[in-house]
Amino acid sequence: MGFARTCAVALVGVEGVVVEVQADLEPGVAAFTLVGLPDKSLSESRDRVRAAVVNSGGEWPQKKLTVGLSPASVPKGGSGFDLAVACAVLGAAERIDPRVLADIVMIGELGLDGRVRPVRGVLPAVLAAATAGYEQVVVPESAAAEAALVPGVSVLGVRSLRQLVAVLADEPVPEEDPDEAGRPDPLLAGLRMPGTGEATGMGTAHPDQEHDLADVVGQRSARTAVEVAAAGGHHLFLEGPPGAGKTMLAERLPAVLPRLCREESLEVTAVHSVAGLLPPGKPLIDVPPYCAPHHSATMQSLVGGGAGVARPGAVSLAHRGVLFLDETPEFGSRVLDALRQPLEAGHVVIARSAGVVRFPARFLMVLAANPCPCGRFSLRDALCDCSPSAVRRYQARLSGPLLDRVDLRVEVDPVSRAELAHRGPGGESTRTVSDRVRAARERAAARLAGTPWRTNSEVPGRELRHRWHAAVGAMDEAERNLERGTLTARGLDRVLRVAWTVADLVGHDRPDATDVALALQLRTGVPRGVPMAIGALT
């Protein structure tokens, strides 16, 4: 009887569970049995592994073969177990020393010709292996850079099963035939799911010259709101007629945000790796992601889910970045209301019959909407074609509880002919605004050091009221709004959070009456007699 074991990783959401892959050979009729709660794609690995071993020059054992995946209670799916199953079988057949395999984690899909293909979720799988104490990992060659992001782990990237067997058996490593120059590498296809290209609006932000805030004409209030949103991580609602610049402002917001730190980059990269959105050749995402789903998106595509094991949705793909919902009233009411929990908690929990999955979802949400179905309700000199009841129904599609979670609400006015024809210096550039945002974030980080919070939007209202006080009398006007019923208790806390962000932007030690007045104006849209530009307050 021959026995060997090695390890692989089963992904549950963006978290991994190390699975021991055991192979047992016994005398009897040749058969291949796979046990351990595998799904359909994993059950098909029997045929892939057998063909890969034979086409790699190996001999398939003609005995009763049983491959077990332990722990058997954890659901397992995907083709990433192929490499571990093949090596466990070869170890049981004594082609490889079983002692060499015991402490190695193997991740990869096998082609019928023995080539090792990449799979989604390599980074979270290697993170799980490192957390479990494993120091050696074997991955596809094209995913080696992604796996190498995890410190303290020795990564071996292989292109074929023949190469891996030679390395483990201490034999000369064969050279694989290189692909023809100029032809796409078919092995990279496993890194991206169909329908997740750049045209889907689910890529990452690239702060370049094509998306500069200086291109936005006018919109002084909206530009200030974008700056405050970026500095404090506050959600933003832009309402205005078509063509006023709502989408332009949202597209330029990711470039204003600071670049991701190492920990945040690993979080974002892990989510995009599981979703199949990690672009080949760029293993680490270090800029805030930008996700703009169409208004026909379903609840599962927005918050996550799907058949079988749940996959991350748009709220998780926008983790540490921007989620832009253009034409927000056109989204389904149930879809929008599903955003309430991740907006408050910073994560989304999806319960399915196959298990419970938790995805990170701490994003900056930007909502954009027209004032009415025709879009001309707020224009002074244009005739709105919508009846009052149609306007009310259209605006009522955004529920009060959802809007109560939005810190900043700004009306975007139409651009005048004089503003378009103006040839003088325009508004501030992205670089200028991002420098102020970065400085404000540094002030907030110094104040919040030693706490679990990073930005002002994350700090609970109770902590703000008891640990970090505003200036004496600064909150009087906001408290009067609470007494009148124009602000809820949650709204009062959010005004205080925004006031702290404004204070960080202008360099104040604590919010004063002017900072709170600007926060109230950005929250309610009612003029408070303060300049709507951060530069004018410094």
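Presented here is an overview of the structure given in this document. (Residues numbered from 1 in each chain as written. Predicted model: local features only at pLDDT ≥ 70, side-chain atom pairs only at ≥ 80, totals over all residues. Heavy atoms only, no water.)

**With respect to the nonpolar core**
Consideration 1: One finds Val228, Leu236, Leu238, Val366 and Val516 to be the most contacted residues of the largest nonpolar core, which totals 56 residues.
Consideration 2: Ranked by residues supplied to this core, first place goes to helix H21 (residues 489-506) with nine residues.
Consideration 3: Setting aside chain neighbours within four positions, we find Val366 in contact with Leu236, Leu238, Ala250, Leu253, Val322, Leu323, Phe324 and Leu325.
Consideration 4: If you look at the next biggest cluster of nonpolar residues, it comprises 39 residues, including Leu69, Ala86, Met106 and Val165. (Core = buried A, V, L, I, M, F, W, Y, C linked by side-chain atoms within 4.5 Å. Buried < 20%, exposed > 50% of the residue type's maximum accessible area, 1.4 Å probe, protein only. Helix = DSSP H or I, 4+ residues; strand = E, 2+ residues; numbered from the N terminus. Contact = heavy atoms within 4.5 Å.)

**Some words on unusual backbone geometry**
Consideration 1: Look at the link from Ser70 to Pro71: it is a cis peptide, with omega at 5 degrees.
Consideration 2: Positionally, Pro71 belongs in the loop between strand S4 (64-70) and helix H3 (82-92).
Consideration 3: A positive phi angle, close to 60 degrees, is found at Asp170, a residue other than glycine.
Consideration 4: Note on placement: Asp170 falls in the loop between helix H7 (161-168) and helix H8 (220-232).

**Quick word on the packing of H21 against helix H22 (residues 513-524)**
Consideration 1: It is at 8 Å that the axes of H21 and H22 come closest, and there the two elements cross at 125 degrees. Compared by their axis directions, H21 and H22 come out oblique. Classified by chirality, the crossing of H22 by H21 is right-handed. Where H21 abuts H22, its residues Gly491, Arg494, Val495, Val498, Ala499, Val502, Ala503 and Val506 lie against Asp515, Val516, Leu518, Ala519, Leu520 and Arg523.
Consideration 2: A per-class count over the contact of H21 with H22 returns ten nonpolar, one polar and three charged. (Axes fitted to C-alpha atoms, helices over the stretch in contact; angles between N-to-C directions. Parallel < 35°, antiparallel > 145°, perpendicular 65-115°, else oblique. Left-handed = near helix turned anticlockwise from the far one by under 90°. Nonpolar A, V, L, I, M, F, W, Y, C, P; charged D, E, K, R; others polar.)

**Comments concerning the pairing of strand S3 (residues 31-35)**
Remark: a regular strand shows side chains that alternate across the two faces of the sheet.
Consideration 1: Of the two faces of S3, only one is covered, namely that formed by Phe32 and Leu34; the face formed by Ala31, Thr33 and Val35 stays uncovered.
Consideration 2: Two elements, S3 and S4, share five bridges in a ladder whose sense is parallel. Paired with Ala31 across the strands is Lys64, a residue of S4. (Pairing = 2+ DSSP bridges.)

**With respect to the pattern of salt bridges**
Consideration 1: Going through the model one piece at a time under the given rule, you end up with 31 salt bridges.
Consideration 2: Here Asp286 ties to Arg259 by a salt bridge, and the two come within 3.2 Å at their closest N and O atoms. Linking Asp286 in the loop between helix H10 (262-275) and strand S11 (290-291) with Arg259 in the loop between helix H9 (246-256) and H10, this pair joins segments that are 27 residues apart in sequence.
Consideration 3: Assessed through its relative accessible area of 25%, Asp286 is described here as partly exposed.
Consideration 4: Across the pair Asp435 and Arg438 runs a salt bridge whose closest N-O atoms are separated by 2.8 Å. You can see Asp435 and its partner Arg438 sitting in helix H18 (residues 430-447), three residues apart, about one turn around the helix.
Consideration 5: The class for Asp435 is partly exposed, based on a relative accessible area of 35%.
Consideration 6: The exposure class of Arg438 is partly exposed, given its relative accessible area of 40%.
Consideration 7: Connected through shared salt-bridge partners, Glu344, Asp404, Arg405, Asp407, Arg490, Arg494 and Arg523 make up one network. (Salt bridge = Lys/Arg side-chain N within 4 Å of Asp/Glu carboxyl O.)

**Here we look at the environment of Ser353**
Consideration 1: Structurally, Ser353 can be placed in the loop between strand S13 (347-352) and strand S14 (355-360).
Consideration 2: You can call Ser353 exposed: its relative accessible area is 86%.
Consideration 3: On a C-alpha basis, the gap between Ser353 and Ala307 in space is 10.0 Å, while along the polypeptide they are 46 residues apart.

**A word on the sheet that holds strand S10 (residues 236-239)**
The strands that make up a sheet pair up through hydrogen bonds in the backbone, lying either parallel or antiparallel.
Consideration 1: Across the sheet, which stays open at both edges, the five strands sit in the order S11-S12-S15-S10-S16 with parallel pairing between neighbours. Looking at strand neighbours, the two that pair on one side only are S11 and strand S16 (408-411), the edges of this open sheet.

**Topic: the environment of Val516**
Consideration 1: Assignment of secondary structure puts Val516 in helix H22.
Consideration 2: Separated by 16 residues in sequence, Val516 and Trp500 place their C-alpha atoms 8.3 Å apart.

**Things to note about the packing of aromatic side chains**
Consideration 1: On inspection of all chains with the given rule, the structure shows one aromatic pair.
Consideration 2: Taken together, a centroid distance of 5.6 Å and an interplanar angle of 40 degrees make the contact between Phe32 and Trp60 tilted. Of this pair, Phe32 sits in strand S3 while Trp60 is found in the loop between helix H2 (45-55) and S4, placing the two residues 28 residues apart along the sequence. Both residues of the pair, Phe32 and Trp60, belong to the buried class. (Phe/Tyr/Trp six-rings, centres within 6.5 Å; stacked < 30°, edge-to-face > 60°.)

**A word on H3**
An α-helical turn contains 3.6 residues, so any two residues separated by three or four positions project in the same direction.
Consideration 1: Burial analysis of H3 places eleven of its eleven residues in the buried class, which makes it a mostly covered element.
Consideration 2: What H3 keeps buried is the set Asp82, Leu83, Ala84, Val85, Ala86, Cys87, Ala88, Val89, Leu90, Gly91 and Ala92.
Consideration 3: Following H3 by one or two positions, Glu94 has its phi on the positive side, about 65 degrees.

**As for the state of the cysteines**
Consideration 1: Per the stated rule, a full pass over the model turns up zero disulfides.
Consideration 2: The closest cysteine sulfur to the non-disulfide-bonded Cys374 is located on Cys372, 3.5 Å from its own sulfur.
Consideration 3: Overall, Cys374 belongs to the partly exposed group, its relative accessible area being 26%. (Disulfide = S-S within 2.5 Å.)

Nothing here speaks to function; it is all geometry.
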